[in-house]
Amino acid sequence: MLPKELVFNALEHKSTPRTPWIPFSGAHSARLKGYTATEFLQDEDKMVECLLEVNRLFKPDGLCCIFDLQVEAEILGCDLLWADDGPPSVASHPLDCDEDEDPVVPCECTIPSAEDGRIPLICRSMRRIKEAIGDTTALYGLITGPLTLASHLRGSNIFMDMFDDDEYVHDLLDFCNKVAFKMADYFIEAGMDVIAVVDPLISQISTAHFEEFIAEPFTALFEHIKSKGAYASFFVCGDATRNIEVMCKTGCHSISVDENVNIQTAKAICDKYNVSIGGNIPLTTIMLHGTQQDNMKYVIDMLDSFEDTTGLIVATGCDMPFGIPFENTIGCMQAAQHPDEVREMVKDYVAEDDTDLSAVELPDYTNLKKPLVEAFTLDPATCAACTYMVAAADEAKAAFGDAIDYKVYKYTIKEDIARTKKMGVPNLPSLYINGELKFKSIIPSREELEAAIRAVM
Amino acid sequence: MTKLYLITGFLGSGKTTFLHNLVRLFPSRRLAIVVNEFGKVGVDGVLLSDLRAKLVEINNGSIFCSCRVEQFEDGLASLLALAEPPELIFVEASGLSDPTAVRSILTQSGKFDSLDYAGAICLIDAARFQKVYQTARVCRMQLAVADLVLINKCDLAEPRQLSEIRAAAEAQKPGRPVHETSFGRLEPDWLEEMACPLSADGPAEIHTRDITLQKLTLHLSDFDLASVEAFLKIFAGDTYRVKGVLSLPEGLYLADCVGPLVELRPFAIQETSPAPELDCLTVLFGNGLPAKKSIRAAIPLFPGRSVSIIQ
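Reading guide: rules and limits
Residues numbered from 1 in each chain as written. Chains lettered and ligands numbered in written order. Predicted model: local features only at pLDDT ≥ 70, side-chain atom pairs only at ≥ 80, totals over all residues. Helix = DSSP H or I, 4+ residues; strand = E, 2+ residues; numbered from the N terminus. Buried ≥ 20, exposed ≤ 12 C-beta atoms within 10 Å, placed from the backbone. Contact = placed C-beta atoms within 7 Å. Expected span 1.5 Å × (residues − 1). Domains from an automatic or database assignment. Nonpolar A, V, L, I, M, F, W, Y, C, P; charged D, E, K, R; others polar. Pairing = 2+ DSSP bridges. Core = buried A, V, L, I, M, F, W, Y, C linked by C-beta atoms within 7 Å. Axes fitted to C-alpha atoms, helices over the stretch in contact; angles between N-to-C directions. Parallel < 35°, antiparallel > 145°, perpendicular 65-115°, else oblique. Left-handed = near helix turned anticlockwise from the far one by under 90°. pLDDT = per-residue confidence, 0-100.

**A few points about the overall build of chain A**
Alright, step 1. A tally of regular secondary structure across chain A gives 19 helices and 14 strands.
Alright, step 2. For the C-alpha atoms alone, the extent of chain A along its principal axes is close to 65 × 60 × 45 Å.
Alright, step 3. Buried positions account for 55% of the 457 residues belonging to chain A.
Alright, step 4. Considering only contacts in chain A between residues 6 or more positions apart, those separated by 24 or more positions represent 72%.

Here it is, written out as structure tokens:
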């Protein structure tokens, strides 16, 4: 069976001779050829060169051709902050406005054309990749989900709008979904077999809000993708456990989750709907900071945790951090593609947690001089859910000023990993106030967060 | 062959006045003008109707947007299909339009074979350039596609502002002709300096959209000249442009506001021109300008007058 057939069968929830393997190598691909993320994301030749190297080195059954959730936002007027070691992040929100201003729904004539922004360069790269390896490898084109795009355009106000102005949220999501329809069209025409709609912020809203705002546009979007002959995938980051079932009901072929979701639980739900599940090799603790054996063992343990692997795809939890050692990804690849051999190799291996918790000194939470807000994140620069959680906390800090203390921790930094573990933070992103978990994987509205802070003043 | 010039420039940069001057340079040629306005109610068509040129009006959206491009193409095709097609076509794009698609539209194979695209002329309001260039994305795009840049209204600007504009224009496309002028005047040989636009490099910046642009129409009644001026002065600074013809007790007046500058001047309807829609003001704004809020705050200050906001 060809590698891409493995992927297609898994997406159709059919059994496969082995579990397919997909590393979501976005900006990380640049590192394989010594380029910066910015060079990779802005240059057709470099993009093609790096993606072909990903294909050669990591032997994916499915290749992710683009993982940049800022492509649409850039076209629609968001300023981007470019980085050498990761995808760009959104630095301004064109639809942000004061509370007493009417929020704007963009005109449909601003929906990106195939000539806008970086779309032409990305589509040309995709066509070249299709030509080079499309006969054997399944090709994934990733587009920005409507909720994340709406957040890029409107800023963290969108979470307040969900309570105060549901009509506006419906209208803005409708616009963003029309953008997603077009992006899917462009990428399918450029040869993509699978369109993955990536919406990290789905993990940060309640199931009630999912059903009210998200279910309908996503169902229409997946129907559209399938009608064009492509497979439809739904990517989420963060603890989306509560929303897995409603995600399955949108008609996608597959769901992809990160380490915040228990993949055994999620697979059991997905199996009921014949939806494939992909995931969830931890991006930082295992892939970035672990050894090759840690990576092999994680994949073997994950495979062995299922009685039936039908519909399973071994994948990285989300977009791979830039600095992941290449041998770790290769270890995952070997474990996924040659599980029997690797199982033997790691049978006696016991992973050592070298995190030094004693080096972390936690504040004396019972004797704080003023309220302390702590945001525990994966990385606000690269994880959209973290970006908007931190944006909510930033707003609170701006409102309270010196009356509160405020800290942000990133799970990409070893010291912060130790602190996160010592605090027992269950999911990222999470907000703590005076050492107590107040918002776990749900971005609070401004009023909710300010009320929670006032309660401890 | 029919030669086509595109005239761009942000709202209030003086395109319509410039067009009057441009037309005068070609007294014995068959001319056509395509005039495009973002608002529902077109005013420029009325202002241009006294010119000796065939007029095509396309309102309520940019000719380069998917919502109006078909109308633009049909308009051009109908002009080219005339028994005696125009020798020159001037296209006045809306001040809010992003013209970066002009080349791909005009060079579609088999569509406009008898058309010779002579290039884009971009007018700049010298005094307002810095503010507009920083807030309105389309302004950068208009400058990016220009083959000739005319810094207009120089009489209202400081020398420092003029040199800043020259630097911005030069940084975008080195070597491009840039001239300073006032009242939309131009020298005939400036047109000769325009490079062959179809072989020119594309815009330096990638093509983006401005999703913040908005328009609304105000319908006014029971105002007189003094009260309408006072009314406009309250909110004009929160808009890019306000334009329309008003029927006041003092007579017909053209309201023409560029940012905070409010101008009301007597207006005469030409017998040959189409009648403008009276008492409707088109208001254009975007990028966080609180126009609606200011208008709503202004209305109660004029008891006995009536203002309705039509989205």
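**Let's talk about helix α15 (residues 326–337) of chain A**
Alright, step 1. With 12 residues, α15 of chain A should cover 16 Å at 1.5 Å per step; its first-to-last C-alpha distance of 17 Å lies within 8% of that length.
Alright, step 2. Looking only at α15 of chain A, the buried set comprises Asn328, Thr329, Gly331, Cys332, Met333, Ala335, Ala336 and Gln337 of chain A.

**Re the domain arrangement of chain B**
Residue and element names in this part refer to chain B.
Alright, step 1. Splitting chain B by domain gives domain 1 (2–199) and domain 2 (214–310).
Alright, step 2. The centre of domain 1, based on its C-alpha atoms, is set 25 Å off from the matching centre of domain 2.
Alright, step 3. In this assembly, 17 residues from domain 1 lie in contact with 20 residues from domain 2.
Alright, step 4. Its residues assigned to classes, the side of domain 1 that touches domain 2 comprises 7 nonpolar, 6 polar and 4 charged.

**Observations regarding the environment of Ser25 of chain A**
Residues and elements named next belong to chain A.
Alright, step 1. Within the secondary structure, Ser25 sits in the loop between β1 (21–22) and α2 (28–31).
Alright, step 2. You can call Ser25 buried: it has 26 C-beta atoms within 10 Å.
Alright, step 3. Setting aside anything within four residues of it in sequence, one finds Ser25 in contact with Val54, Phe58, Cys64 and Met320.

**Some words on the sheet that holds strand β9 (residues 276–281) of chain A**
Residues and elements named next belong to chain A.
Alright, step 1. One open sheet holds the 8 strands; their spatial order is β1-β10-β9-β8-β7-β6-β5-β2, and the pairing between them is parallel. With one partner strand each, in any of the chains shown, β1 and β2 (62–66) form the two edges of the open sheet.
Alright, step 2. Pairing geometry for β2 and strand β5 (residues 138–144), over 4 bridges, is parallel. Paired with Leu63 across the strands is Leu139, a residue of β5.

**With respect to the nonpolar core**
Inside soluble globular proteins, nonpolar side chains tend to come together where they are buried.
Alright, step 1. Core analysis: the largest hydrophobic core is formed by 154 residues, its most contacted members being Cys65, Tyr140, Met192, Ile195, Ile255, Val299 and Met389 of chain A.
Alright, step 2. Of all the elements, helix α9 (residues 166–189) of chain A adds the most residues to this core, at 12 residues.
Alright, step 3. Each of domain 1 (3–345) and domain 2 (357–454) of chain A gives at least three residues to this core.
Alright, step 4. When neighbours within four sequence positions are excluded, Met192 of chain A is seen to be in contact with Cys65, Met126, Leu139, Tyr140, Gly141, Phe187 and Ala230 of chain A.
Alright, step 5. Judged by nonpolar contacts, the second largest core, of 89 residues, contains Leu88, Phe90, Leu123 and Ile295 of chain B.

**Here's the deal with the domain arrangement of chain A**
Residue and element names in this part refer to chain A.
Alright, step 1. Under the domain assignment, chain A is made up of domain 1 (3–345) and domain 2 (357–454).
Alright, step 2. For domain 1 and domain 2, the distance between their C-alpha centroids amounts to 26 Å.
Alright, step 3. Counting residues at the interface gives 27 residues for domain 1 and 22 residues for domain 2.
Alright, step 4. Going through the elements one at a time, α7 (146–154), α8 (157–164) and α13 (283–288) are the ones with two or more residues in the side of domain 1 that touches domain 2.

**Overview of the environment of Lys182 of chain A**
Residue and element names in this part refer to chain A.
Alright, step 1. Within the secondary structure layout, Lys182 lies in helix α9.
Alright, step 2. We classify Lys182 as partly exposed; it has 18 C-beta atoms within 10 Å.
Alright, step 3. In the structure, Lys182 is positioned 77 residues away from Glu259 in sequence and 31 Å away in space, judged by C-alpha atoms.
Alright, step 4. Apart from the residues lying within four places of it in its own chain, the contact partners of Lys182 are Ile111 and Pro112.

**Here we look at the sheet that holds strand β8 (residues 214–221) of chain B**
All names here are of chain B.
Alright, step 1. What the 6 strands build is an open sheet, ordered β11-β10-β9-β12-β8-β13; its pairing is antiparallel. Of all strands in the sheet, those with a lone pairing partner are β11 (264–266) and β13 (306–310), marking the two edges. Across the sheet, the axes of successive neighbouring strands diverge by a mean angle of 20 degrees, strand direction being ignored.
Alright, step 2. In terms of strand pairing, strand β9 (residues 241–248) meets strand β12 (residues 280–285) through 3 bridges, oriented antiparallel. In the sheet register, Val242 faces β12, and the bridge partner there is Val283.
Alright, step 3. Against the sheet, helix α9 (residues 225–235) contacts β8, β9, β10 (251–258) and β11, and its axis sits at roughly 165 degrees relative to β9.

**Remarks on the interface of chain B and chain A**
Alright, step 1. Of the residues lining the interface, 18 residues belong to chain B; the matching set on chain A comes to 20 residues.
Alright, step 2. Looking at the side of chain B that touches chain A, its residues break down into 5 nonpolar, 8 polar and 5 charged.

**Points about the packing of α9 of chain A against helix α10 (residues 207–227) of chain A**
Residue and element names in this part refer to chain A.
Alright, step 1. For the pair α9 and α10, interaxial distance at closest approach is 10 Å and the crossing angle is 15 degrees. With respect to α10, the element α9 is oriented roughly parallel. Between α9 and α10 lies a crossing whose hand is right-handed. Facing Val169, His170, Leu173, Asp174, Asn177, Ala180, Phe181 and Ala184 of α9, the residues of α10 in contact are Phe213, Pro217, Ala220, Leu221, His224 and Ile225.

**Overview of the pairing of strand β13 (residues 430–433) of chain A**
All names here are of chain A.
Alright, step 1. A two-sided burial pattern is seen for β13, the buried positions comprising Ser430 and Tyr432 on one face and Leu431 and Ile433 on the other.
Alright, step 2. Pairing between strand β11 (residues 372–377) and β13: 4 bridges, direction antiparallel. Considered in β13, the bridge of Val373 is made with Ile433.
Alright, step 3. Bridge count for β13 against strand β14 (residues 436–440) is 4 bridges, and the pairing is antiparallel. Each residue of the ladder has a partner; that of Tyr432, found in β14, is Leu437.
Alright, step 4. Here β13 folds back onto β14 in antiparallel fashion, the turn holding 2 residues, of which Asn434 has a positive phi close to 50 degrees.

**With respect to the confidence of the model for chain B**
Residues and elements named next belong to chain B.
Alright, step 1. Here chain B averages 87 in pLDDT, and 95% of its residues register 70 or above.
Alright, step 2. In this model, residues 198–204 is a region of pLDDT below 50 whose contacts with residues beyond four sequence positions or in other chains number 11 contacts.
Alright, step 3. Two numbers describe this predicted complex: its pTM, 0.80, and its ipTM, 0.75.

**Describing the packing of helix α14 (residues 292–304) of chain A against α15 of chain A**
Relative placement of two packed helices is described by the angle separating their axes and the distance separating the axes.
Residue and element names in this part refer to chain A.
Alright, step 1. Following both chains from N to C, one finds α14 and α15 inclined at 30 degrees, their axes separated by 8 Å at the closest point. Relative to α15, the element α14 is oriented roughly parallel. In terms of crossing hand, the pair formed by α14 and α15 is right-handed. Residues Gln292, Asn295, Met296, Val299 and Ile300 of α14 pack against Glu327, Asn328, Gly331, Cys332, Gln334, Ala335 and Ala336 of α15.
Alright, step 2. Residue composition of the contact of α14 with α15, by class: 6 nonpolar, 5 polar and 1 charged.

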